[in-house]
Amino acid sequence: MTDVKIRRALLSVFDKAGLVDLGHALAGHGVELVSTGGSAAALRAAGLAVRDVSELTGFPEMMDGRVKTLHPMVHGGLLAVRDDPAHAAAMDAHGIGAIDLVVSNLYPFERTVASGAARDEIIEQIDIGGPSMVRSAAKNHAFVTIVTDPADYAALIAEMTANDGATTLETRKLFAAKAFAATAAYDSAIAGWFAHVDQGQRFPDRVAVPMIKQAELRYGENPHQIAALYTQPGGGVNGIGQARQIQGKELSYNNLNDADAALELVAEFRDGPPTVVIVKHANPCGVASADTLIAAYEAAFACDTVSAFGGIIAVNRPLDGPTAEAISGIFTEVVAAPDADEAARAVFARKKNLRLLLTGDLPDPARRGRAMKSIAGGFLIQSRDNGTITADDLKVVTQRQPTEQELADALFAWTIAKHTKSNAIVYARDGATAGIGAGQMNRLESARIAAWKARDAADKAGWGTPRTIGSAVASDAFFPFADGLLAAVEAGATAVIQPGGSIKDADVIAAADEAGLAMIFTGMRHFRH
């Protein structure tokens, strides 16, 4: 069986976009239209002849529409193997007519959940008849065409027009694959809601993650790898996956990964002063807060002018023209902002390759969610790191108390360290990073690298001393020995913030006291691998 002429179609959709135009096109090919409820009403209102499913089944729609297509007259017409004599005889014996096309999309379960609806309303949006009908048609794709995506209506009609009202097997296989993916994603969303929300299970025995492809990318981390961008349906997060690209080249896998790192960090300051984050290879290389966005950019850029070349920038305020001019001073891959004024857009329009992404509201850093990482033979799933601390959570463990400025710089540095690959050491002063050491195999080397970067930045800027002098330093995890702390002392830090919890804490505290430092324990670490 290859081409199958469509003579009867069953149309039952929640999303009625394009339904009337599709009905007219099908009628133009002489297709008998069978429909249900609101779909039938919409088609009739457009002047189309429609046969009710209840006429086909001999039963009225009942139980508030819960039962309408769950009937042998429907599923027999979908599942019958047309060239099987026994199936054909059963159809004749019971008066079952063949259904050649099903057009169906499902109740908006995810949208209902996202709206904050009550449990009973959510349960009512679990579609039963629709998925059953879709699966029956998709299983029997050798004879039946199934369309679940309104975006495919045009392709369906184009094929029927080119094939005298018929569809090809290749098209039916393609649509069947999309149909099974749609019902699988739908069921996984329901299962996820029952497990995580309704039942409060953190890690159910089975996990299904529905995702929708947004774009195929040029390649992955490297040219020999293939990649695509997927997002989870249901919304609720304004992230890089939902950002609107205003201009620039196609986004790459690395662009998206780095832009996500920048946006997640700048979102920590969404209720704070104007803040700019510059990221390179998923690590921050400069972060600053200031009274204006351009001042924040200049301070962030000064932290590491070399790494900023070809970097990714995220800001927590709508982008203005002067800041855009400053950013345009060097090659930048991506800029992500909640919005951009006309002056900023005009500036970036001169940089044809620069990607400008507008995100709307920034994501909530305290939001719940899961992070997933593939390993050989499986996946690791954990809750996302939404841990935060305030001044009230801190414990000063040294003889000297931090000054108000040291405390503010310590909390600032701590926030940056949370988004820096471990082992992470971050020096900050006056609301700007002074030096960042990321991803080293030991904490001492991270402290030394961060201090060296600060000295290099001072040399390039012509400052008399590096900004680590009088800075606060954050460590994403405890100092296992005093050597890392002593490196920070040598760099000029006067305050330290770290989780604490090492068996060598007493030695580290003693070293801090001897150096006259103020040291703060958070009781929370932020490993980032």
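Located above this text is the structure these notes cover.
Residues numbered from 1 in each chain as written. Predicted model: local features only at pLDDT ≥ 70, side-chain atom pairs only at ≥ 80, totals over all residues. Heavy atoms only, no water.

1. Details of the nonpolar core
The criterion, for reference: Residue types Ala, Val, Leu, Ile, Met, Phe, Trp, Tyr and Cys, when buried and joined through side-chain atoms within 4.5 Å, form a set referred to as a nonpolar core. A 1.4 Å probe rolled over the protein chains alone gives each residue an accessible area, and that area as a share of the maximum for its type sets the label: buried under 20%, exposed over 50%, partly exposed in between. Under the scheme used here, helices are H or I runs from DSSP no shorter than 4 residues and strands are E runs no shorter than 2 residues, and both carry numbers assigned from the N terminus. Contacts between residues were defined by any pair of non-hydrogen atoms, one from each residue, lying within 4.5 Å.
By size, the foremost hydrophobic cluster in this structure holds 40 residues, and its most contacted members are Ile240, Val277, Leu357, Ile416 and Ile497. Mapped by element, the contributors of at least two residues to this core are α11 (253–267), β11 (275–280), β13 (311–315), β14 (332–337), α15 (404–418), β19 (425–429), β21 (472–475) and β22 (495–498). Sorting elements by how many residues they give to this core places α11 first, with eight residues. Setting aside its immediate chain neighbours within four residues, Leu357 contacts Ile240, Ala243, Arg244, Gln245, Leu251, Val334, Val335, Ala336 and Ala337. The next biggest cluster of nonpolar side chains, apart from the first, holds 26 residues, and it includes Ala308, Ala324, Leu358 and Ala432.

2. Quick look at the environment of Gln125
For Gln125, the location among the structural elements is in the loop between α7 (119–124) and α8 (129–139). The buried category is assigned to Gln125, whose relative accessible area is 19%. The spatial distance from the C-alpha of Gln125 to the C-alpha of Leu485 is 57 Å, given a sequence separation of 360 residues. With sequence-adjacent residues up to four places away left out, Gln125 is seen in contact with Tyr107, Pro108, Phe109, Thr112 and Tyr186.

3. Observations concerning the pairing of strand β12 (residues 283–289)
We apply this condition: Any two strands are treated as partners once DSSP identifies two or more bridges connecting them.
Among the seven residues that make up β12, seven are buried, leaving the element largely enclosed by the rest of the structure. Here β11 pairs with β12 via six bridges, running antiparallel. Following the sheet pairing, Val277 is matched in β12 by Val287.

4. A few points about the packing of helix α4 (residues 72–79) against α8
Our working definition: Angles run from 0 to 180 degrees between N-to-C directions of axes, and those axes are lines fitted to C-alpha atoms, restricted for helices to the stretch in contact. Any angle that is under 35 degrees is reported as roughly parallel, and any over 145 degrees as roughly antiparallel; angles of 65 to 115 degrees are reported as roughly perpendicular and all others as oblique.
Two numbers describe how α4 lies on α8: the axes approach to 8 Å, and their chain directions differ by 25°. The angle between α4 and α8 places the two elements in the roughly parallel class. Across from Val74, His75, Leu78 and Leu79 in α4, the residues of α8 making contact are Ser132, Met133, Ser136, Ala137 and Lys139.

5. Things to note about the sheet that holds strand β5 (residues 101–105)
What the five strands build is an open sheet, ordered β4-β3-β2-β5-β6; its pairing is parallel. Pairing within the sheet leaves two strands with one partner each, and these edge strands are β4 (51–52) and β6 (145–147). Note that β5 and β6 share three bridges and pair parallel. Within β6, the residue paired with Leu101 across the bridge is Thr145.

6. Let's talk about the pattern of salt bridges
Our working rule: Between Lys or Arg on one side and Asp or Glu on the other, a salt bridge is scored when a side-chain nitrogen of the former is within 4 Å of a carboxyl oxygen of the latter.
Counting across every chain of the model gives 23 salt bridges. For the salt bridge of Arg82 with Asp100, the shortest nitrogen-to-oxygen distance reads 3.1 Å. Residue Arg82 is found in the loop between α4 and α5 (85–94), and its partner Asp100 is found in the loop between α5 and β5; the two are separated by 18 residues along the sequence. Asp100 gets classed as buried once you look at its relative accessible area, which sits at 7%. Between Arg119 and Asp198 there is a salt bridge, with its nearest N and O atoms 2.6 Å apart. You can see Arg119 sitting in helix α7 and its partner Asp198 sitting in helix α10 (residues 169–198), a full 79 residues away along the chain. Judged by relative accessible area, Arg119 falls into the partly exposed class, the value being 41%.

7. Points about helix α9 (residues 153–162)
Let me state the cut-off plainly: The arc refers to the directions leading from the helix axis to the C-beta atoms.
Those residues of α9 that sit buried are Tyr153, Leu156, Ile157, Glu159 and Met160. An end-on view of α9 places all buried positions within 160° of arc, on one side of the element. What points out from α9, more than 90 degrees from its buried face, is the exposed set Ala154, Thr161 and Ala162. Backbone geometry just after α9 places Asp164 at a positive phi near 55°.

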